[in-house]
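# Remarks on the overall topology
What follows is each chain in one-letter form.
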Amino acid sequence: MENWINYPSVVLLVISLFWLLLLDSHRSMVIAFSILVVLVFTINIQFWTFGFALSKLLTSMMALLIMILTPLSGVTTEGESTRTGRIFRATALGFFLLLVILTINETSAFLNLEIDQTFPALSILVCGFLLFATSQEPFRVILGLLTMLVGFEIVYSSVEQSLLVNGLLAAVFLFIAIVGSYLIASNEKGNDQ
Amino acid sequence: MSAPLVWIIIPLALSAVMLAFLQYPRLLKTLGILESLILTLIAIIQPIGNVLRVGSVVVDISPEFNILGRTLLLENSDRFALSLVYACLLLYLIVMDTKSVPAKFVPLSISITSVLISALAVRPFLYAAVLIELAVLLIILMVREKQDQPVSGIIRFLIYLTLAMPSILFAGWLLGGSQAEATIETKMMSAVAFLLFGFMIWLAVFPFHSWLPQFSQAVNPLMFSFIFSVIPVITLLIIMKYISSLLWLKSSEFLSPALMTIGLIMIVTTGLFSSVEKDLKRFLAYAVLLETGFALTMLSLQSSEGVELLYESFVPRILSLGLFGYSLSVLRNSGITLSHDGMRGMLRRFPFATVGVLTSLLSILGVPIFAAFPIRLEVMNLLSQSSQSNVLWIIAGLIGGLVGTIRTFAQVAFPVGEKWEINEKISQVIVIGIAVVILMLMGLFPRITTGLISPFIAEIAVLW
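Residues numbered from 1 in each chain as written. Chains lettered and ligands numbered in written order. Predicted model: local features only at pLDDT ≥ 70, side-chain atom pairs only at ≥ 80, totals over all residues.

## Brief notes about the overall build of chain B
Along its length, chain B carries 19 helices and five strands. On C-alpha atoms alone, chain B measures out to a radius of gyration of 22 Å, which is about the 23 Å that the 2.2 N^0.38 rule sets for 464 residues. By its C-alpha atoms, chain B is 75 × 60 × 45 Å across when sized along the principal axes. Among the 464 residues that make up chain B, the fraction classed as buried is 55%. Residue pairs in contact within chain B that sit at least 24 positions apart in sequence constitute 80% of those at least 6 positions apart. (Helix = DSSP H or I, 4+ residues; strand = E, 2+ residues; numbered from the N terminus. Rg over C-alpha atoms; globule rule 2.2 N^0.38 Å. Buried ≥ 20, exposed ≤ 12 C-beta atoms within 10 Å, placed from the backbone. Contact = placed C-beta atoms within 7 Å.)

Here's what the structure looks like:
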């Protein structure tokens, strides 16, 4: 890695990814996601301009806020995951992280990025995939999509600096949160009925 | 005034204003019909780049509109798509029943259409991925009707279509002369893989098709048929432009066989699935998949005949899917379960809606005297010149679809009670009757379809 300071960040990031994937409570997932985007900000700020990195952080935080403010989404849970389910998710994430580590040099060379950016980006991407692939609950799925996009943006915004593309991506990010909150709210009201 | 302003920005702005009048569905419907009618007529009559004269007012319609350093470009070759998409919107707004379809359908359908047109117009093309994602998000706001509506199909739709966006953006970056140090060949192959993945998801190509039947089960059939009358047409055109702009891809040896194989797999698997399907809403999704399969086969011909056929096929496709969706929504609004069990004996209770369903199915399958027949026949004729086995695969797929249709017919024609009734409203009878007659006329007189697209042919041929 380029900077020693990124080692603790990456360790914390991996912990927050496991936390995000394994816990059922929406509140815990929101906290894990917040930690995740702050850690991503600390990494991005070393490679991007402060304003650009901050705009990504703010977009993520706003999206999260939209999700949190959804009526009924704060306290409910999907239902207890089985122990087997958790073991499966943890093992899957573990295997994917291993795959990322084993191919990190080639991937970084291909993307022409530092390992400090590539490793968090790919780890977050696979965690996002696992989140929405292993759940049917709207909250987890939407958070999974947002997580995947956070990972994608680390790579994509490093290679494509166009303001319009990044602005549109930010709009999509926020719009996904709005649509997600719309689905969550109506779904939970429907369940109540 | 520029063309993107007329067909994208103004409709978008108007749809935003319309959102403030959701408590007046009839007013919204009238405004929507007027707006889409005007836009369709301008697209048909007015060549882009010429001046538009309305009385003493003279408006110069230029093809370009610049926004934040990027360009929206609508040329004469796009006029067919503009006319088709806005005419499709017009049809759906005319037949929309304000009591059963939520008022938000009007502004959202207009904004979805404008965003999709902007995806077709944007330069460079990679921005289309983001714009299509925005359209998808608007679609979700549109299709969510009731709180007890199952969301799993809608969520699958969101997940899959969201996966397509990063994939296409990334491919765009790889193709755009990035600073990556990988070899050119590795870059190109990676770009093709990402592009292919993104396009396959956009078109719900096998094996990424499972979300489509789930989505069709979750939403109003009329909205579903509107969405999948418009999205595949626009995405196919974007894909054509994308590939046309990449000369190495266009001239590569694997493109035609790949498109052909994917198209044939779609036709055969759709036939197989529909032969055992009992849910008519899922049948609607299979109809979309079958049409996409044929569209890919037409593209695989890589000739102007193939492209003309593709453009001709859009008209019966939109009409057949529209009739299918409309007939299903008539039955659904009357409390009928849209499955074989629920539809048992419906020919005697809802004769027009049932005939509408059967006619649209027969038309999509290309049965003689219906609209798609001349096109299916011509595709098979062109394919037989290179490989007869491909024609056999297509026939196998169509036979599968026909088996499913005959099974549906057996259920709806099952004699439950002696009496024949007409439970449809007179307006519904008129709409279904007109659509059935048009589909039959287009089958009997194929020149009607050719005549519809002939004014645009000169521009179309250069696309591929």
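## Examining the overall build of chain A
Looking only at helices and strands, chain A features seven helices and zero strands. Mapped in sequence order, the helices and strands of chain A form the string α-α-α-α-α-α-α. Computed over its C-alpha atoms, the radius of gyration of chain A comes to 16 Å, within 12% of the 16 Å expected for a compact globule of 193 residues.

## Concerning helix 15 (residues 351-365) of chain B
All names here are of chain B. The terminal C-alpha atoms of helix 15 lie 21 Å apart, and with 15 residues this matches the ideal 21 Å at 1.5 Å per residue to within 8%. Within helix 15, 13 of the 15 residues are buried, which leaves it mostly tucked inside the rest of the structure. Positive phi appears at Gly 366, one or two residues downstream of helix 15, with a value of about 80°. (Expected span 1.5 Å × (residues − 1).)

## Considering the nonpolar core
Residue and element names in this part refer to chain B. Counting residues in hydrophobic clusters, the biggest one holds 226 residues, and the most contacted among them are Val 85, Leu 116, Ala 119, Ala 135 and Ile 234. Considering every element that reaches this core, the biggest residue donor is helix 9 (residues 221-245), with 16 residues. Counting the residues that make up this core, at least three belong to each of domain 1 (1-123) and domain 2 (209-464). If we skip the residues at most four places from it in the chain, Ala 119 touches Ala 128, Leu 131, Ile 132, Ala 135, Ile 234 and Ile 238. (Core = buried A, V, L, I, M, F, W, Y, C linked by C-beta atoms within 7 Å. Domains from an automatic or database assignment.)

## Focus on the packing of helix 3 (residues 50-68) of chain A against helix 6 (residues 138-159) of chain A
Residue and element names in this part refer to chain A. One way to put it is that helix 3 packs onto helix 6 with a least axis distance of 12 Å and a crossing angle of 175°. Taken together, helix 3 and helix 6 sit at an angle that is classed as roughly antiparallel. Residue-level inspection shows Lys 56, Ser 60, Ala 63 and Met 67 of helix 3 in contact with helix 6, the latter providing Ile 142, Leu 146, Val 150, Glu 153 and Ser 157. Across the contact of helix 3 with helix 6, the residue classes break down as five nonpolar, two polar and two charged. (Axes fitted to C-alpha atoms, helices over the stretch in contact; angles between N-to-C directions. Parallel < 35°, antiparallel > 145°, perpendicular 65-115°, else oblique. Nonpolar A, V, L, I, M, F, W, Y, C, P; charged D, E, K, R; others polar.)

## Describing unusual backbone geometry
Residue B:Arg123 is joined to B:Pro124 through a cis peptide bond whose omega torsion reads -5°. Inspection of the secondary structure puts B:Pro124 in the loop between strand 5 (122-123) and helix 5 (127-143). A cis amide bond links B:Phe206 to the next residue, B:Pro207, at an omega of 5°. Notably, A:Asn112 is not glycine yet its phi reads approximately 60°, a positive angle. Relative to the assigned elements, A:Asn112 resides in the loop between helix 4 (83-111) and helix 5 (115-133). The residue B:Ile369 is not glycine, and still its phi comes out positive at about 75°. Inspection of the secondary structure assignment puts B:Ile369 in the loop between helix 15 and helix 16 (373-384).

## Quick word on the pairing of strand 2 (residues 57-60) of chain B
Residues and elements named next belong to chain B. Strand direction decides the pairing type here: strand 1 (residues 51-54) and strand 2, joined by four bridges, are antiparallel. Looking across to strand 2, one finds that Val 54 is bridged to Val 57. Counting the residues that bridge the hairpin from strand 1 to strand 2 gives two residues, and of these Gly 55 lies at a positive phi of roughly 65°. (Pairing = 2+ DSSP bridges.)

## Some details on the sheet that holds strand 4 (residues 70-73) of chain B
Residues and elements named next belong to chain B. In space, the three strands of this open sheet follow the order 3-4-5, with antiparallel pairing throughout. Sheet topology places strand 3 (64-67) and strand 5 at the edges, where each strand pairs with a single neighbour. In this sheet, strand 4 lies alongside strand 3 in antiparallel orientation, the contact comprising four bridges. Its bridge partner lying in strand 4, Phe 65 is registered against Leu 72.

## Side note on the confidence of the model for chain A
Looking at chain A, pLDDT values average 86 and 90% of them are 70 or higher. Taken element by element, the predicted model of chain A shows its lowest mean pLDDT in helix 7 (residues 163-192) of chain A (81) and its highest in helix 5 of chain A (92). (pLDDT = per-residue confidence, 0-100.)

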